[in-house]
Amino acid sequence: MSKNVALVLGSGGARGLAHIGAIEALEERGYTITSIAGCSMGSIIAGMYAAGQLKEAKEWFLSVDKQLILRMMDINLLSGNSIVKGQRIIQELEKVVPDRPIEQLNIPCTIVASDMISTEEVVFRSGSLFEAVRASISIPLFFKPVQIGGRLLIDGGILNPLPLHAVNRTNGDILVAADISGKDAMLVSTEYEPIDVEGKLAEITAKGIPVPKSWENQLRRLGKRVDAIREQRAKDLGRYVSFVSLLDRMSDMQIQQNTMLALRLTPPDVHAVMRQYAYNTFDFDKAEEIIADGKRLMNEALDKYERA
């Protein structure tokens, strides 16, 4: 079994801190990361790891609190195209890991952004690390887009939140996905479709199968519970929806669907997945907890892979 890994780190805001724990799990179990790719938050961790400074990055993220997050928000409301300029965040990151050409990093590193002009993915394998990262993290309406030549670049997660096809994979590497946009089973609509209780009972009895009264009562209770759960979720969403939360939800839906498409097109050998709603986009003050969850989830995925 190969121990060489081509690692792909997905998009997902603060959940991307889980990638630090995922990398730690891989290394502690004797795997060697020979190439890495990422977009959005995944691009930050990919770049810092490829630069050989993940330890310093982890220490910095563990020091982040809500006050630091606010200080890094260089508000940009007058521009009309974003809330935050985004340069102050890059300046803080450069204090931890100085900018370097991507092609001079310790291992091959790929960073993915999206071009608003051509509507195409833009793949960075050379040039300024932090110019590529700044483009890749440009969440629409939140961060100011980045212009590079004739391209206007935004978050890589818009087109491909898990760039499995883009990693510089060599012969014998296993493809490992650190996916932080997994579906929450409690939110999957098919889990809570209304139950046609009478139809189910008729279907069973038509087959000549006797239905004890206890089974019938249980099925009726289940149908009522499912209907109640769906109704309550709809009420909650309608009550608390705002302009910002609506935009966030739309982005989450797009990222989740594109992640599922990427997994179908390029199935990984190892798939570690965190639920999309495990943490909020800006939960950077929960770094320790998120990193620990990332390590646990990668260990579980590796257990499954090694048993196969």
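Everything discussed here concerns the structure shown above.
Attention in this report is confined to the structure presented alongside it. This is a predicted model, so every value here is computed, not measured.

### Concerning the overall build of the chain
Regarding its fold elements, the chain presents 10 helices and 10 strands. The buried share of the chain, taken over its 308 residues, is 47%. Partitioning the contacts of the chain with sequence separation of at least 6, the portion at a separation of at least 24 is 74%.

### Looking at the pattern of salt bridges
Overall, the coordinates contain 10 salt bridges when judged by the stated rule. With its nearest N and O atoms 2.8 Å apart, the salt bridge here joins Glu 306 to Arg 29. Here Glu 306 is found in helix 10 (residues 287-307), whereas its partner Arg 29 is found in the loop between helix 1 (18-28) and strand 2 (32-39), with 277 residues between them in sequence. A relative accessible area of 22% places Arg 29 in the partly exposed class. One salt bridge in this structure joins Glu 300 and Arg 296, with 3.2 Å as the shortest N-O distance. Of this pair, Glu 300 and Arg 296 both sit in helix 10, 4 residues apart, roughly one helical turn. Three or more residues joined by partner-sharing salt bridges are found here, namely Glu 24, Glu 28, Lys 58 and Lys 295.

### Details of helix 6 (residues 129-136)
Of all 8 residues making up helix 6, 7 are buried, and the element is well covered by its neighbours. Along helix 6, the residues that are buried comprise Leu 129, Phe 130, Ala 132, Val 133, Arg 134, Ala 135 and Ser 136.

### Regarding empty space enclosed by the protein
Taking a probe equal in size to a water molecule and rolling it over the atoms shows the remaining empty space. One pass over the full model with this rule turns up 1 cavity of 30 Å³ or more. Here the largest cavity defines a volume of roughly 70 Å³. Around the largest cavity, the lining residues are Ala 18, His 19, Ala 22, Ala 178, Asp 179, Ile 180, Ala 272, Val 273, Met 274, Gly 294, Leu 297 and Met 298. Secondary-structure elements contributing two or more residues to the lining of the largest cavity are helix 1, strand 9 (174-182), strand 10 (270-275) and helix 10.

### Considering the packing of aromatic side chains
The description of two aromatic rings rests on the distance between their centres and on the angle between their planes. Scanning the model with the defined rule gives 1 aromatic pair in all. Seen from their ring centres, Trp 60 and Phe 61 are 5.0 Å apart, and the 70° between their planes marks the pair as edge-to-face. Pair check on accessibility: Trp 60 and Phe 61 agree, each one buried. The residue whose ring lies beneath Lys 3 is Tyr 31, and the NZ or CZ to ring-centre distance is 4.0 Å.

Conventions we followed
Residues numbered from 1 in each chain as written. Predicted model: local features only at pLDDT ≥ 70, side-chain atom pairs only at ≥ 80, totals over all residues. Heavy atoms only, no water. Helix = DSSP H or I, 4+ residues; strand = E, 2+ residues; numbered from the N terminus. Buried < 20%, exposed > 50% of the residue type's maximum accessible area, 1.4 Å probe, protein only. Contact = heavy atoms within 4.5 Å. Salt bridge = Lys/Arg side-chain N within 4 Å of Asp/Glu carboxyl O. 1 Å grid on protein atoms, 1.4 Å probe; cavity = no way out; pocket = protein on both sides within 12 Å on 5 of 7 lines; lining within 4 Å. Points joined across faces, edges and corners; volume = space filled by probe spheres on them. Phe/Tyr/Trp six-rings, centres within 6.5 Å; stacked < 30°, edge-to-face > 60°. Lys NZ or Arg CZ within 6 Å of the ring centre and 35° of its normal.

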